[in-house]
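Observations on the model geometry
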Amino acid sequence: AYGAINFFKACAKFDIPAIHISSAEVYGTNLHPGHPMSENHPLHPRHPYGVAKKAAEIFAQKMINQGQFITILRLFTQYGDGSSEPIERFIPRLVRNALLGKDLPIEGNGEIIRDWVFVSDTAEAIWASRKAEPGFYNVCTGESFSQNQVATKILHEVKGGFKTKSKIVNFPHKRNFNETREQRGDPSRFFEETGWRTPTTLEEGIKKCIKFYS
């Protein structure tokens, strides 16, 4: 949070527009399950990362009110290819395991629901945000899938081109109780402001990950 605040102050000092990368974690769990979360959804972060992002946003809003040009992008769950260490990300890790014939481990019951955004779409969103007015914007698809649904799609795609005996294995006892139950964003404000869209569907994104890690 202090790093973001110093960044905002430096931009203000030299009159430079700022784009701040925030996170959907500022929202916490969706208070209206099954419905997209707009930028007006209450902010109830559930862990230190989300709290830090919220603190930075509060300061950013103060500077916006003072005339500073700051665009805040609330990124929903990111995934994609390109990482040499896929173990750190849910979808690349499961893709890599399926390709190696290993089981697909999921902590908890697999019913954590996320709005999955392919990383190249996010990069384009950051570039498109130059056209946006100061304020807060969701960067998301407007669709959501549970971890079990994602794992099932990965197995389906991998088995279509590779021999694998992988299966989904849930570990209910490893559930993270601070984990937000559901996040599904409403991208309409950012769509209307910039013309940006998310062309990569979850199935297409999984196929790109399979191609990269195979």
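Every value quoted in this text rests on a predicted model; they were computed, and no experiment measured them. (Residues numbered from 1 in each chain as written. Predicted model: local features only at pLDDT ≥ 70, side-chain atom pairs only at ≥ 80, totals over all residues. Heavy atoms only, no water.)

**Comments concerning the packing of helix H3 (residues 90-99) against helix H5 (residues 147-159)**
Which entries qualify depends on this criterion: Think of each axis as a best-fit line through the C-alpha atoms, taken over the contacting stretch in the case of a helix, with angles from 0 to 180 degrees between the N-to-C directions. Helix and strand assignments come from DSSP, with helices taken as H or I runs of at least 4 residues and strands as E runs of at least 2, each series counted from the N terminus. By convention the crossing between two helices is left-handed if the near helix lies anticlockwise of the far one by an angle smaller than a right angle, and right-handed if it lies clockwise. Only heavy atoms matter for contacts: two residues are in contact if any of them lie within 4.5 Å across the pair. Gly falls in the polar group here, along with every residue not listed as nonpolar (Ala, Val, Leu, Ile, Met, Phe, Trp, Tyr, Cys, Pro) or charged (Asp, Glu, Lys, Arg).
Contact geometry for H3 and H5: axes closest at 10 Å, N-to-C directions at 40 degrees. Between H3 and H5 lies a crossing of right-handed hand. Note on element contacts: H5 touches H3 through Gln147, Val150, Ala151, Ile154, Leu155 and Val158, opposite Phe90, Ile91, Leu94, Val95, Ala98 and Leu99. The class makeup of the residues in the contact of H3 with H5 is 11 nonpolar, 1 polar and no charged.

**A closer look at the sheet that holds strand E7 (residues 135-139)**
Threshold: A pair of strands is labelled paired if DSSP reports no fewer than 2 bridges between them.
Read across the open sheet, the 3 strands follow the order E1-E2-E7; overall the sheet is parallel. With partners counted over all chains shown, the strands left at the sheet margins are strand E1 (18-23) and E7, one partner each. Ignoring which end each strand starts from, the neighbouring axes of this sheet average 25 degrees apart. Examined bridge by bridge, strand E2 (residues 70-75) and E7 share 5 bridges and lie parallel to one another. Among the inter-strand pairings, Leu75 is bridged to a residue of E7, identified as Val139. In this fold helix H1 (residues 2-13) packs onto E1 and E2, with an angle of close to 165 degrees to the strand it touches most, E1. Taken strand by strand, helix H2 (residues 48-65) contacts E1, E2 and E7, and its axis lies near 155 degrees from that of E2.

**With respect to the nonpolar core**
Note the following rule: The definition of a nonpolar core used throughout is a set of buried Ala, Val, Leu, Ile, Met, Phe, Trp, Tyr and Cys residues joined through side-chain atoms within 4.5 Å. Buried residues are those whose accessible area, probed at 1.4 Å on protein chains only, stays under 20% of the maximum for their type, while exposed residues exceed 50% and partly exposed ones sit between those limits.
The biggest cluster of nonpolar side chains holds 22 residues, and the ones touching the most others in it are Ile91, Val95, Trp116, Val150, Ile154 and Leu202. Contributing elements (two or more residues each) for this core: H3, strand E4 (104-107), strand E6 (116-118), H5 and helix H7 (202-213). At 6 residues, the largest contribution of residues to this core is made by H3. Ignoring any residue separated from it by four or fewer positions in sequence, one finds Ile154 in contact with Ile91, Leu94, Val95, Ala98, Leu104 and Ile206.

**Observations concerning the environment of Gly185**
Here Gly185 is to be found in the loop between strand E9 (168-171) and helix H6 (188-194). Between the alpha carbons of Gly185 and Val158 there is a distance of 28 Å; along the sequence they are 27 residues apart. What Gly185 contacts, discounting residues up to four positions off in sequence, is Pro36, Met37, Phe76, Asp115, Cys140 and Gly142.

**Here's the deal with unusual backbone geometry**
For residues that are not glycine, phi is negative in most cases, and the peptide bond is trans in most cases. One non-glycine residue with positive phi stands out, namely Asp15, at about 55 degrees. Mapped onto the elements of the fold, Asp15 is located in the loop between H1 and E1. On the basis of relative accessible area, Asp15 is assigned to the exposed category, the value being 66%.

**Some remarks on a nonpolar patch on the surface**
So the rule is basically this: Candidates for patches are residues over 30% relative accessible area with no salt bridge; among them, like charges are joined within 9 Å and nonpolar side chains (Val, Leu, Ile, Met, Phe, Trp, Tyr) within 5 Å. Here the open area of atoms and residues is found with the Shrake-Rupley method and a 1.4 Å probe, where only the protein chains shown may cover a residue. One side-chain nitrogen of Lys or Arg within 4 Å of one carboxyl oxygen of Asp or Glu is enough to make a salt bridge.
Judged by side-chain polarity, Ile19, Ile21 and Ile126 come together as a nonpolar surface patch covering roughly 180 Å² of accessible area. Inspection of the secondary structure puts Ile19 in strand E1.

As far as function goes, none of this settles anything; it's purely spatial.
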